[in-house]
Amino acid sequence: MDFRIPGASPPLAFFLLLFSTCFALPEYSQKPSSSSSSSSSSAQINSNSVLVALLDSHYSELAELVEKALLLQTLEDAVGRHNITIFAPRNDAVDRDLDPDFKRYLLEPGNLKSLQKLLLFHVIPTRVGSDQWPTHSSSSRHQTLSQDHLHLSRLDSGEKAVDLARVIHPDSVTRPDGVIHAIERLLIPRSVEDDFNRRRSLRSISAVKPEGAPEVDPRTNRLKKPAPPTKPGSSPVLPIYDALAPGPSLAPAPAPGPGGPHHHFNGHAQVKDFIHTLLHYGGYNEMADILVNLTSLATEMGRLVSEGYVLTVLAPNDEAMAKLTTDQLSEPGAPEQIMYYHLIPEYQTEESMYNAVRRFGKVSYETLRLPHKVVAQEADGSVKFGQGEGSAYLFDPDIYTDGRISVQGIDGVLFPAEEVESKSETKAVQPAKIVARPRRAGKLMEVTCRMLSAVGQNSRFTTCQ
């Protein structure tokens, strides 16, 4: 699909597009921000709360897991509604007695739900003191915050027990809103244990090539035979980097999904929608100009989305693009290389990226500019990409999100770390250039006018005079 305006040269087409959008801006209404919790259901947490005692006690390993699992708000809401009972293993039980492979499994990003389920399995939304424990002849069953059940009982020796774990220090911490009992080891729900065993089993991690897997001809780098039909929404057969290779598409026919007469993704329409959204949003005109007029990236992105791939676009605003020098943009293939470094072959939203950097500190995302990655980290309550002078903040979140393409506005143009270092060294030895003439319509127009003047065609456009 051609995204160019028929009958107009690239720079002129860009101005026609801007002129049309200036008089057709839609009215956007701000969505009311919903509060994370109702004021009636959540009370103020004070310094005498059982949660504060958990964070400042002999159970710091458990408290650290609670923070990594992003469960503090959940526990605060539970304390605001009723008293709670926490069965907490001491630090040595978590740090020394826990299987290292199992602990590594819990801390992997894709297993956040398992970690949350395991931790909520240790919390009962009622207060159960040591004097309320059942006798030898009976046991009590309590539902936990993970919707599983714990059984409280007594051993033959008279010691209290929770499932198969002994209570080594009943009423270790008592507060008006809850109680903490120290137990000898971590409690593991059956569902979490089954997931871990399934992951660790040889069948799950086997590297044997499954029967019917797509085979690629090494001479032509194409599929030897068509891939079998995939389910709607499933990932493409081949990696996105193979689909970017020159020549015919290597991925299977358009991935099944909504949007077309044959239930295929209409990637070209989705790319066109997000470019129009950038223009209507305002402040991203030069980014849109690169995608539509100066490169074929819009068509390329549309083809990838049609084949089932997903993309996250880090879009520099016009103020950031204006800081690019003429030399940076006039080098052969420079616009494409700049944009490829801003395309992440994953579907990320502002919430998912912020949660990732908040939990892990720094996160590296693959880009379409191999082999370079873009590093993200938390800074000032937002997500910062890059390092040093070449960093950029995410300040216009979720400009466009449709489940296939995500556009996040940033306030700087990103470059790989190697280029940032070489640029800083060059800047230290070369004097600064002074540009005398005023800026007409952005650095991109200056580059276009220079190219036209080289062939003697700049007099045909008033903007280049």
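Residues numbered from 1 in each chain as written. Predicted model: local features only at pLDDT ≥ 70, side-chain atom pairs only at ≥ 80, totals over all residues. Heavy atoms only, no water.

## Considerations on the nonpolar core
Step number 1: By size, the foremost hydrophobic cluster in this structure holds 37 residues, and its most contacted members are Phe 274 and Val 407.
Step number 2: Among all residues touching Phe 274, those that are not within four sequence positions of it are Leu 291, Met 301, Val 313, Tyr 400, Ile 405 and Val 407.
Step number 3: Formed by 33 residues, the second largest nonpolar core is a distinct cluster that contains Val 66, Ala 69, Val 94 and Val 173. (Core = buried A, V, L, I, M, F, W, Y, C linked by side-chain atoms within 4.5 Å. Buried < 20%, exposed > 50% of the residue type's maximum accessible area, 1.4 Å probe, protein only. Contact = heavy atoms within 4.5 Å.)

## Points about unusual backbone geometry
Step number 1: The amide bond that connects Leu 370 to the next residue, Pro 371, takes the cis arrangement and shows omega of -5°.
Step number 2: At Leu 70, a residue that is not glycine, the phi angle is positive and equals roughly 60°.
Step number 3: As for its position among the elements, Leu 70 is in the loop between helix 3 (60-68) and helix 4 (72-81).
Step number 4: The exposure class of Leu 70 is partly exposed, given its relative accessible area of 29%.
Step number 5: Its identity as a non-glycine residue notwithstanding, Gln 147 has a phi of 70°, on the positive side.
Step number 6: With respect to the helices and strands, Gln 147 occurs in the loop between strand 3 (140-143) and strand 4 (149-154). (Helix = DSSP H or I, 4+ residues; strand = E, 2+ residues; numbered from the N terminus.)

## Looking at the sheet that holds strand 15 (residues 392-401)
Step number 1: Pairing within the open sheet is mixed, and its seven strands lie in the order 11-10-16-15-14-13-12. The open sheet has two free edges, formed respectively by strand 11 (343-344) and strand 12 (362-366), since each of these has just one partner strand.
Step number 2: Note: strand 10 (residues 311-316) against strand 16 (residues 405-410), six bridges, orientation parallel. Paired with Pro 316 across the strands is Ile 410, a residue of strand 16.
Step number 3: The strands that helix 11 (residues 267-281) touches are strand 10, strand 15 and strand 16; relative to strand 15, the one it contacts most, it runs at about 125°. (Pairing = 2+ DSSP bridges. Axes fitted to C-alpha atoms, helices over the stretch in contact; angles between N-to-C directions.)

## Here's the deal with helix 4
Step number 1: Those residues of helix 4 lying buried are Leu 75, Asp 77, Ala 78 and Val 79.
Step number 2: Buried residues in helix 4 make contact with helix 2 (50-55), helix 3, strand 1 (84-89), helix 7 (112-120) and strand 2 (123-124).

## Quick notes on the confidence of the model for the protein chain
Step number 1: Per-residue confidence for the protein chain averages 76 on the pLDDT scale, and 68% of its residues sit at or above 70.
Step number 2: Model confidence for the protein chain, summarised as mean pLDDT per element, is weakest for helix 1 (residues 10-22) at 45 and strongest for strand 10 at 95.
Step number 3: Counting interchain partners and residues more than four positions distant, the pLDDT-below-50 stretch residues 11-43 has 34 contacts. (pLDDT = per-residue confidence, 0-100.)

## Considering the environment of Asn 285
Step number 1: Mapped onto the fold, Asn 285 is located in helix 12 (residues 285-294).
Step number 2: C-alpha separation for the pair Asn 285 and Pro 316, spaced 31 residues apart in sequence, amounts to 9.9 Å.

## Some points on the packing of helix 6 (residues 100-107) against helix 8 (residues 190-200)
Step number 1: Direction vectors running N to C along helix 6 and helix 8 enclose 105°, while the axes themselves pass 11 Å from each other. The pairing of helix 6 with helix 8 is recorded here as roughly perpendicular in orientation. Along the contact surface, helix 6 presents Asp 101, Phe 102, Tyr 105 and Leu 106, while helix 8 presents Val 192, Asp 195, Phe 196 and Arg 199.
Step number 2: When the residues that make up the contact of helix 6 with helix 8 are grouped by side-chain class, the tally is five nonpolar, no polar and three charged. (Parallel < 35°, antiparallel > 145°, perpendicular 65-115°, else oblique. Nonpolar A, V, L, I, M, F, W, Y, C, P; charged D, E, K, R; others polar.)

## So, the pattern of salt bridges
Step number 1: Taken as a whole and judged by the stated rule, the model has eight salt bridges.
Step number 2: Across the salt bridge formed by Lys 68 and Glu 64, the nearest N and O atoms sit 3.3 Å from each other. Separated by four residues within a single helix, Lys 68 and Glu 64 lie in helix 3, roughly one turn from each other.
Step number 3: The class of Lys 68 is partly exposed, set by a relative accessible area of 29%. (Salt bridge = Lys/Arg side-chain N within 4 Å of Asp/Glu carboxyl O.)

## Here's the deal with the side chain of Asn 111
Step number 1: You can see Asn 111 is positioned in the loop between helix 6 and helix 7.
Step number 2: Sequence-distant contacts of Asn 111, that is, excluding residues within four places in its chain, are made with Tyr 105, Leu 106 and Arg 199.

## Side note on the packing of aromatic side chains
Step number 1: Tallied over the full model, the rule gives six aromatic pairs.
Step number 2: Measuring from centroid to centroid gives 5.1 Å for Phe 102 and Phe 196, while their planes differ by 75°, and the two rings are edge-to-face. Here Phe 102 is found in helix 6, whereas its partner Phe 196 is found in helix 8, with 94 residues between them in sequence.
Step number 3: Overall, Phe 196 belongs to the buried group, its relative accessible area being 8%.
Step number 4: Joined through ring pairs, the aromatic side chains of Phe 102, Tyr 105 and Phe 196 make up one cluster. (Phe/Tyr/Trp six-rings, centres within 6.5 Å; stacked < 30°, edge-to-face > 60°.)

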